[in-house]
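If you want the building blocks of each chain, they are given just below.
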Amino acid sequence: MGFLVLAPLIMTHTLTAFMELMDHGIVSWENLSSVFIKKIASFGNAKVLDTSIQQVSLAILESMVLSSSSLFNEVKHEITLERLVSHLQVTNQQLQTKAMALLMAMLLAGGEADRQVRNIIHSSSSVGDEMAHYLYVLQTVRLNHLEARMRTPLDSYNQEQRDMLHGLRQAAFETESESGLSNERRRSLCAKEFKKLGFSNNSNPGLDLSRCPPGLLALDTMAYFASRYPDAYSRFVLENSSREDKHECPFARSSIQLTLILCEILRIGEPPSETGSDYHPIFFAQDRLLEELFCICIQLLNKTWKEMRATQEDFDKVMQVVREQITRTLSSKPTSLELFKNKVNVLNYSEILKLRQTERLHQEETLAPPVLELKERLKPELLELIRQQRLNRLCHGTLFRKISSRRRQDKLWYCRLSPNHKVLHYGDVEEETEMPSIEALQEKIPVADIKSVVTGKDCPHMKENKGKQTKEVLDLAFSITYDVEEYSLNFIASSRTDFCLWTDGLNVLLGKEMSSESMRSELEILLSMEIKLRLLDLENVPIPDTAPPIPKPPSNFNFCYDFSQAEQ
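Here the structure is a predicted model, which means the values were calculated and not measured.

Draft legend 1. Quick look at the overall build of the protein chain. Secondary structure summary: the protein chain contains 23 helices and seven strands in total. Of all 568 residues assigned to the protein chain, the portion counted as buried reaches 42%. Counted over contacts in the protein chain with a minimum sequence separation of 6, partners at least 24 positions apart contribute 65%. Element-wise, carbon and sulfur atoms account for 51% of the exposed surface of the protein chain, whose accessible area totals about 32700 Å².

Below, the structure is given as structure tokens:
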């Protein structure tokens, strides 16, 4: 094969043409030789090569991985993960994206992969939408490896799990040798210490970990905290065990609930969405994100508990505040644990209260009496705007399907309003017709002859097939009656949006009020936007509930300025 002697541009076009031919499915990917696969992989592994060749080569390798398990195994042996990761750290976003696509294909095809991808977000520059999606999928797949532990309750007969549980107790309290104690004395001592640890079922603490989620994941996070940060762990437990019972922050109960909150925030157990792109940059700078976040947040919880001067009855309130602290901090996209720790500790209870008050005032401002009065004054103008939009939509026209009793779908027909809003034109059309001219529509109804608009089960074509139509069809059916009651033009809209547009537009033609949910929603959006624009200049200015009093008139109205005296 004389690939290397070809100029880079010719090679790029050759590989692109090959990729496009393979996409047609005429030749199976399985027919590719090992020599060809090695050559393409060498392009992907090369340190110095034209980036356009590398991009196409990586795309070909991705298609191979996705096509079959045998090709995946061959590619896995040829392409080095270290080289793939190095592609993620270049400045060329297209090369980054192709490398991430191949990495994701290998990760999903192989079921598991060593997590050596870190510090991907190595600069403050924003990543593209496609790269953001790949990062989100990678994060989701890796975090979902914790799902099995999250959905597994503690087994009280499992010696390893029991040892982890008793390890928490032994790490917190300096206990003398228990070998010389009687069984009853040992059980009594254990129950007392498990109670100090904050377990609800101190005689059988395993019951506290039977709830799934968080299941064994809660035990893992507690054990990680106790072993990784023993001083902070002992300080938390001993500090709270020395408080009054009602003021102590129960470590075990708090840890179980905190682990559940972190699982919900990180969406552990949820499959990756096809359009998702919400990833946490902190994930790519940390090996054990959940455990490290837990270690920071459990200390934050203890701090917040003291700031709130909480008692056992306030447990749920404290957890709500902690959830808000974590969510708000993660939404700022911290890129390291240290940054997360600094930000979340600054966001103390008093700051949360200030933020809540600010948000509440922002919401309530729109309910102030002067604002409500302004809304009422703006409504007529905005309603007229919606009326014009509805009439313009009727002038453009809509394609409808005829529904017959013999067949679910019959011929197509088109209906539109004349530009002078005086005549409705309609007639049968072909399948691919976009917008027929008025002259092409043979039938017409003068608007002046229309008597009423009826919807749903009141429509003549719905009454004829009473009991045979589904609720979906009933919700999309409407008719106009004209001349005398027995004459009608029957419609079945293709969507609820078309139904609302046409019923509103016909009511406008008849001089009636629009009543659809679409109209109400659009009016609310327009009002909200208009109010915000009007109030821009009044930011941080309190709006009084009532208008200021009008002062009394002056004693005289002799305000005329004498220009003649000024000239002298």
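Draft legend 2. Molecular detail of the layout of surface pockets. Here the second largest pocket defines a volume of roughly 400 Å³. In this structure, the second largest pocket is lined by 17 residues; those nearest its centre are R162, H166, F194, S203 and P205. Of all the elements in the fold, those that place two or more residues in the lining of the second largest pocket are α9 (159-172) and α10 (183-197). Partitioned by chemical class, the residues of the lining of the second largest pocket number six nonpolar, seven polar and four charged.

Draft legend 3. Expanded view of the sheet that holds strand β2 (residues 412-417). Taking strand neighbours across the sheet as the criterion, the four strands line up as β1-β2-β3-β4 in an open arrangement whose pairing is antiparallel. A single partner strand is all that each edge strand has here, and the edge strands are β1 (398-401) and β4 (443-446). Geometrically, the sheet is characterised by an average inter-axis angle of 25° between neighbouring strands, direction not taken into account. Each of β1 and β2 touches helix α18 (residues 369-396); the most contacted strand, β2, lies at about 135° to it.

Draft legend 4. Geometry of the confidence of the model for the protein chain. With 85% of its residues at a pLDDT of 70 or more, the protein chain shows a mean pLDDT of 80. Taken together, the stretch residues 1-5 has pLDDT below 50 and engages in nine contacts with residues farther than four places along the chain or on a different chain. Here residues 111-124 is a poorly scored stretch, pLDDT under 50, and it has 35 contacts once near neighbours within four places are set aside; other chains count.

Draft legend 5. Spatial organisation of unusual backbone geometry. With omega at -15°, the peptide bond leading from C212 into P213 counts as cis. Its place among the elements puts P213 in the loop between α10 and α11 (216-228). Going from P213 to P214, the amide bond is cis rather than trans, its omega being 15°. Look at K333: it is not a glycine, yet its phi comes out positive at around 60°. With respect to the helices, strands and loops of the structure, K333 is situated in the loop between α15 (315-331) and α16 (337-346). For H421, which is not glycine, the phi dihedral falls at a positive 60°. On the accessibility criterion, H421 (27% relative accessible area) is partly exposed.

Draft legend 6. Geometry of the packing of helix α14 (residues 289-307) against α16. With their axes 11 Å apart at the nearest point, α14 and α16 run at an angle of 15° to one another. It follows from the interaxial angle that α14 and α16 lie roughly parallel. Both α14 and α16 take part in a crossing whose hand is right-handed. Note on element contacts: α16 touches α14 through L337, F340, K341, V344 and N345, opposite E292, L293, I296, C297, L300 and K303. When the residues that make up the contact of α14 with α16 are grouped by side-chain class, the tally is seven nonpolar, one polar and three charged.

Draft legend 7. Spotlight on the pattern of salt bridges. Going through the model one piece at a time under the given rule, you end up with 21 salt bridges. A single network of salt bridges, built from pairs that share partners, joins E324, R328 and R356.

Draft legend 8. Here's a closer look at the nonpolar core. Residues L197, Y233, F251, L258, I326 and F340 are the most contacted members of the largest nonpolar core, which totals 77 residues. If one sorts the elements of this core by residue count, α14 sits on top with eleven residues. Grouped together as the second largest cluster of nonpolar side chains are 43 residues, V447, V453, C459 and L476 included.

Draft legend 9. Seen up close, helix α3 (residues 51-67). Over its 17 residues, α3 extends 24 Å from the first C-alpha to the last, a length consistent with the 24 Å expected when each residue adds 1.5 Å. In terms of residue burial, α3 counts as a mostly covered element, since 13 of its 17 residues are buried.

Draft legend 10. Structural detail: the packing of aromatic side chains. Within this structure, the stated rule accounts for 19 aromatic pairs. Ring geometry for F400 versus F491: centroids 5.1 Å apart, planes at 75°, classification edge-to-face. Of the two residues, F400 sits in strand β1 while F491 sits in strand β7 (residues 484-492), which places them 91 residues apart along the sequence. Judged on exposure class, the residue F400 and its partner F491 are both buried. An aromatic cluster is present here, built from F400, W413, Y426, F478, F491, F499 and W502 joined pairwise through their rings. Above the ring of F315, the side-chain terminus of R253 is found at 3.8 Å from the ring centroid.

Draft legend 11. Here's a closer look at the environment of D545. Of note, D545 is situated in the loop between α22 (517-534) and α23 (563-567). Each C-alpha atom, one on D545 and one on V371, is 9.2 Å from the other, the two residues being 174 residues apart in sequence. Contact partners of D545, with chain neighbours within four places excluded, come to P369 and P370.

Draft legend 12. The arrangement of the side chain of N302 in detail. You can see N302 is positioned in helix α14. One polar contact links N302 to E239, side chain to side chain, over a distance of 3.5 Å. Those residues in contact with N302 that lie beyond four places of it in its chain are F236, E239, N240, R243 and C249.

Draft legend 13. Representation of the packing of helix α13 (residues 251-266) against α14. It is at 10 Å that the axes of α13 and α14 come closest, and there the two elements cross at 130°. Between α13 and α14, the angle is such that the two are oblique. For α13 against α14, the interelement crossing comes out right-handed. On the side of α13, the interface is formed by F251, S254, S255, L258, T259, L262 and L266, while α14 contributes L289, L290, L293, F294, C297, I298 and L301. Taken together, the residues of the contact of α13 with α14 break down into eleven nonpolar, three polar and no charged.

Draft legend 14. Representation of the environment of D449. Checked against the element boundaries, D449 lands in the loop between β4 and β5 (450-455). Take D449: its relative accessible area is 28%, and that puts it in the partly exposed class. Distance from D449 to D483, taken between C-alpha atoms, is 5.6 Å for residues 34 residues apart in sequence. Ignoring anything within four residues of it in the chain, the contact list for D449 reads T481, Y482 and D483.

Draft legend 15. Inspection of helix α12 (residues 230-241) at higher detail. Taking 1.5 Å per residue as the helical rise, α12 with its twelve residues ought to reach 16 Å, and the 16 Å between its terminal C-alpha atoms agrees with that figure. Listed in full, the buried residues belonging to α12 are A232, Y233, S234, F236, V237 and N240. Where the residues of α12 are buried, they touch α9, α10, α11, α13 and α14.

The rules behind each value
- Residues numbered from 1 in each chain as written.
- Predicted model: local features only at pLDDT ≥ 70, side-chain atom pairs only at ≥ 80, totals over all residues.
- Heavy atoms only, no water.
- Helix = DSSP H or I, 4+ residues; strand = E, 2+ residues; numbered from the N terminus.
- Buried < 20%, exposed > 50% of the residue type's maximum accessible area, 1.4 Å probe, protein only.
- Contact = heavy atoms within 4.5 Å.
- Areas by Shrake-Rupley, 256 points an atom, 1.4 Å probe, with all protein chains shown as cover.
- 1 Å grid on protein atoms, 1.4 Å probe; cavity = no way out; pocket = protein on both sides within 12 Å on 5 of 7 lines; lining within 4 Å.
- Points joined across faces, edges and corners; volume = space filled by probe spheres on them.
- Nonpolar A, V, L, I, M, F, W, Y, C, P; charged D, E, K, R; others polar.
- Pairing = 2+ DSSP bridges.
- Axes fitted to C-alpha atoms, helices over the stretch in contact; angles between N-to-C directions.
- pLDDT = per-residue confidence, 0-100.
- Parallel < 35°, antiparallel > 145°, perpendicular 65-115°, else oblique.
- Left-handed = near helix turned anticlockwise from the far one by under 90°.
- Salt bridge = Lys/Arg side-chain N within 4 Å of Asp/Glu carboxyl O.
- Core = buried A, V, L, I, M, F, W, Y, C linked by side-chain atoms within 4.5 Å.
- Expected span 1.5 Å × (residues − 1).
- Phe/Tyr/Trp six-rings, centres within 6.5 Å; stacked < 30°, edge-to-face > 60°.
- Lys NZ or Arg CZ within 6 Å of the ring centre and 35° of its normal.
- Polar contact = N/O pair within 3.5 Å; in protein donor to acceptor, adjacent residues only side chain to side chain.

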